[in-house]
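Commentary on secondary and tertiary structure
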There are 2 protein chains.
Amino acid sequence: MRPDDGDERGAPVASPRARLLAIGDELTHGHLVDTNSPWLARELESVGIVVDGGATVGDDLALLTAAIRDACAAADVVVATGGLGPTEDDRTRHAAAAAAGVDLVHDEVSWQQILGWFAQHGRDVPESNRRQALVPVGAFAMPNAFGTAPGFRIRIGRGWFFAMPGVPREMRGMTETFVLPLLRDVLGATGVVHSHWVHLLGPREADAGERIADLMRMRGATRVGITAHNGLLTVRIAVVADVPEVARAEAERVAAEVRLRFADVIVHEGQQTLAAAVVDCLRERGLRLAVAESCTGGRLASALTDVGGSSDVFDAGFVTYANHAKSALLGVPTDTIERHGAVSAEVAAAMAEGAASRSGATFAVSITGVAGPSGGTDEKPVGTVWFATTFRGATRTWKRRFPDLGRAFVRERACLEALAAILRELRADPPR
Amino acid sequence: MRPDDGDERGAPVASPRARLLAIGDELTHGHLVDTNSPWLARELESVGIVVDGGATVGDDLALLTAAIRDACAAADVVVATGGLGPTEDDRTRHAAAAAAGVDLVHDEVSWQQILGWFAQHGRDVPESNRRQALVPVGAFAMPNAFGTAPGFRIRIGRGWFFAMPGVPREMRGMTETFVLPLLRDVLGATGVVHSHWVHLLGPREADAGERIADLMRMRGATRVGITAHNGLLTVRIAVVADVPEVARAEAERVAAEVRLRFADVIVHEGQQTLAAAVVDCLRERGLRLAVAESCTGGRLASALTDVGGSSDVFDAGFVTYANHAKSALLGVPTDTIERHGAVSAEVAAAMAEGAASRSGATFAVSITGVAGPSGGTDEKPVGTVWFATTFRGATRTWKRRFPDLGRAFVRERACLEALAAILRELRADPPR
């Protein structure tokens, strides 16, 4: 299968392989970001089907037909999203029929469902929607619970080809109701993939990679990779096995090894975001948080309140960008600012203490730094950020000097640093 | 070129065709969304190169080699992102060499740049970074202004193959500095493209599309498209011409037509973000802004302070998530909250007035709503959001009911609504 690199990953378990097709000119022209394929990849992996890759194709019939044919020749399962709408530029059904070498036929069941959808929404049925009841000969239609466009499945070459609408909600419903159950039952997709994530803050990707180079070179059912995303490094461990227990045990064995090598820089583990981990940790301890932000300008508060249910633990946020706002909102003495500068341990501490005392929070964190592009000095160059936490009567301050890789980078790194610090401090204070 | 659908867009200019490759297991496994390809598609189109499609490929050497070979056989230009890191699972350079049928060689210029990057950041050079100085024989290295991984370009079959790092900032810098100029000069992509953007808030994408269907169907050198992004619709007008003046004049002519059709829902025009337009507008008027946020939880403050130079106009932000925080931080009377609920005109008004009076701001805006997933009632379902502005002694309140398409959607829409409202109110109050 992979003659030229001796890479036999996956061979022992012979997982079915899948390819994804994201269809539409709006995707190839870059006017829409494809979020369907990442979602589908995770869902398919959850039933043991490994996604080898995907393609984005426009609405051109010839290119689309070729893409479907190629994908079905290369994979056991091909899942396409998009191009099932009622307008002229929606050509997935035509391309699938051409790739399968069959005609399109009117599917009366699909048509009745389309009529029903319009009746339910009190609308007339535009004539163009009749197109949506066409399926390739030999295909089975998949009803759409959330819209007019039915999907369908058909065998093309060695592959099972599934066509679904591009609207995420419609596609997701159809996947859960029709695609995954079929793959589980009919295709014998009996393997399971267990994934585990270990998130690191601090090391460079290259250094981290060297520390686990041997794990990343492992062959077979276990794969270890590293992803860098806005300063957070994620080590991903994925294990394919016949039964969940085996996959989980092997993933845990590798995770234990990863923990040994990165003990000092691990911030958290699992699929949830760092902010969600902080929210959970606060909730478990019955604590409420206040944040005081200067250079990050609300980004930390926003990251925390992005988490559903964060109102249980998020008390208040102060965005004190201007110096006078630091005094007015947080009670930072003006002479502290004058003497030490806004970017200093003293101001960070006063901000955190002010945030705690002026809200109902039991834990407060502050950030004050130079995000750039301007405002840097020799003594405090762009990227210099002071932090403080105040918790159970103790205030702690520390400084970080982030590389000056742009304003957004410094802001993002400062938020991650604050979130990691909260987590670290809370874990030293176990739930009561 | 497209015999079967009669679509002749682009045919008169015989545009070069491009394919994109997004590389990395984190993409095929669905753990990272590929935003590089949409960005690249728009940039390539801006120099007259049409993107036919793209593919996502994992880190498997054989699959990656085949994907590069196939893409280079099908297109004039192939742009790959990712897989250039220093770790074992980064295999783009090896795959490109295999696809080109050549070996890898050490590139001393690249290596010196990598050494320089580490020296500049005061760090030792990990041995694994030496991998990053390897390029296929016959390739030209492209220096990386923002990181260690150089890119490269090489002819493979009929295609120009470009390999760039996956980190968006590094990739964008390299595209602008090396890829686009080369394509313009060498590949005969000689036209200039003038683009103009008109941003709309309110209409549904399908309805907006119908209003300018005739413009969107235009053939030849002028292309009009609509992009929806978190509730903001952008009409993009792109004109290709031999000289900039002609392109600009034609784009302005079409923009005037677009303005006629969308007069009521246009929020702003141009390439800058809505937040940047607000910052400029405040600066021109010498005003300072305070924001008071409940359901958006700091997102509005963050969007505004993301703009470089926003410290000129951004005074303070209050994230008053909890009811007691609304009272403590902003002076919202507790009985106002009890009587009308936190999501009400009265509370929104008191929040905006409190934000103005407790900061040094001359303009204040507030947001309080139900972002979900929980917290909705029959009377105030998820998506209900109240807003207020206070400016020159007048407080104005209004309500929006956004579709319940998830917490992130409601929060984003609420921020856009607030930004658009600030802009509208400021424009009614011209600079003095």
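Here, the structure is the one placed above.
Residues numbered from 1 in each chain as written. Chains lettered and ligands numbered in written order. Predicted model: local features only at pLDDT ≥ 70, side-chain atom pairs only at ≥ 80, totals over all residues. Heavy atoms only, no water.

For the rest of this paragraph, the subject is the sheet that holds strand S6 (residues 140-142) of chain B. Sheet architecture is open: 12 strands sit in the order S6(A)-S7(A)-S8(A)-S3(A)-S1(A)-S2(A)-S2(B)-S1(B)-S3(B)-S8(B)-S7(B)-S6(B), paired in mixed fashion. This sheet does not close on itself; its edge strands, each paired only once, are strand S6 (140-142) of chain A together with S6 of chain B. The average undirected angle you get between the axes of adjacent strands in this sheet is 20 degrees. Across five bridges, the pairing between strand S7 (residues 151-156) of chain B and strand S8 (residues 159-164) of chain B is antiparallel. In the strand pairing of S8(B), B:Arg155 is matched with B:Trp160. Packing of helix H3 (residues 61-74) of chain B onto the sheet brings it into contact with strand S1 (17-23) and strand S2 (50-57) of chain A together with strand S1 (17-23), strand S2 (50-57), strand S3 (77-81), S7 and S8 of chain B, and relative to S1(B) it is tilted by some 170 degrees. (Pairing = 2+ DSSP bridges. Helix = DSSP H or I, 4+ residues; strand = E, 2+ residues; numbered from the N terminus. Axes fitted to C-alpha atoms, helices over the stretch in contact; angles between N-to-C directions. Contact = heavy atoms within 4.5 Å.)

Together, A:Glu26, A:Glu88, A:Asp89 and B:Glu205 make up a region of like negative charge exposed at the surface. As for its placement among the helices and strands, A:Glu88 is situated in the loop between strand S3 (77-81) and helix H4 (92-100). (Patch = residues over 30% accessible without salt bridge, like charges linked within 9 Å, V, L, I, M, F, W, Y side chains within 5 Å. Areas by Shrake-Rupley, 256 points an atom, 1.4 Å probe, with all protein chains shown as cover. Salt bridge = Lys/Arg side-chain N within 4 Å of Asp/Glu carboxyl O. Lys, Arg positive; Asp, Glu negative; His and termini not counted. Charge placed at Lys NZ, Arg CZ, Asp CG, Glu CD.)

Turning our attention to the packing of helix H3 (residues 61-74) of chain A against H4(A). All names here are of chain A. Running from amino to carboxyl end, H3 crosses H4 at an angle of 55 degrees, the nearest separation of the two axes being 8 Å. It follows that H3 is oblique to H4 by the angle criterion. As H3 runs across H4, the sense of the crossing is right-handed. Here H3 contributes Leu61, Leu64, Thr65, Ile68 and Arg69 to the contact with H4, which in turn contributes Thr92, His94, Ala95, Ala96, Ala98 and Ala99. Grouping the constituent residues of the contact of H3 with H4 by class yields seven nonpolar, three polar and one charged. (Parallel < 35°, antiparallel > 145°, perpendicular 65-115°, else oblique. Left-handed = near helix turned anticlockwise from the far one by under 90°. Nonpolar A, V, L, I, M, F, W, Y, C, P; charged D, E, K, R; others polar.)

What follows covers the interface of chain B and chain A. Across the boundary between the two partners, chain B contributes 84 residues, which contact 82 residues of chain A. Summing the contributions of chain B and of chain A, the shared interface buries around 6,300 Å²; its carbon and sulfur component is 51%. Looking at the side of chain B facing chain A, the largest losses of area belong to B:His29, B:His31 and B:Tyr321, adding up to 9% of the total buried there. Counting across the chain B and chain A interface gives four salt bridges. Of the charged contacts, one joins A:Arg299 and B:Asp306 as a salt bridge, the two residues approaching to 3.4 Å between their closest N and O atoms. Scanning the region where chain B abuts chain A turns up 26 residue pairs in polar contact (both at pLDDT 80 or more). With eight residues, the single largest contributor to the side of chain B that touches chain A is S2(B). (Buried area = accessible area lost by both parts, 1.4 Å probe. Polar contact = N/O pair within 3.5 Å; in protein donor to acceptor, adjacent residues only side chain to side chain.)

Looking now at helix H5 (residues 108-120) of chain B. Residues and elements named next belong to chain B. Over its 13 residues, H5 runs 18 Å from end to end, which matches the ideal 18 Å to within 8%, given 1.5 Å per residue. Listed as buried for H5 are Ser110, Trp111, Ile114, Trp117 and Phe118. End-on view of H5: buried residues confined to an arc of 120 degrees, all on one side of the axis. Residues of H5 that are exposed and point over 90 degrees away from its buried face: Val109, Ala119 and Gln120. Looking one or two residues past H5, Gly122 carries a phi angle of roughly 60 degrees, positive in sign. (Expected span 1.5 Å × (residues − 1). Buried < 20%, exposed > 50% of the residue type's maximum accessible area, 1.4 Å probe, protein only. Arc of directions from axis to C-beta.)

This brings us to the sheet that holds strand S14 (residues 314-320) of chain B. Read across the sheet, 10 strands follow the order S17(A)-S16(A)-S15(A)-S13(A)-S14(A)-S14(B)-S13(B)-S15(B)-S16(B)-S17(B) without closing on themselves; strand pairing throughout is mixed. Strands at the two margins of the open sheet, each flanked by one partner only, are strand S17 (394-401) of chain A together with strand S17 (394-401) of chain B. On average, each strand axis in the sheet is inclined to that of its neighbour by 10 degrees, with strand direction left out of account. Bridge analysis of strand S16 (residues 384-391) of chain B against S17(B) gives eight bridges, and the strand direction is antiparallel. Bridging from a neighbouring strand, B:Thr389 pairs with B:Arg396 of S17(B).

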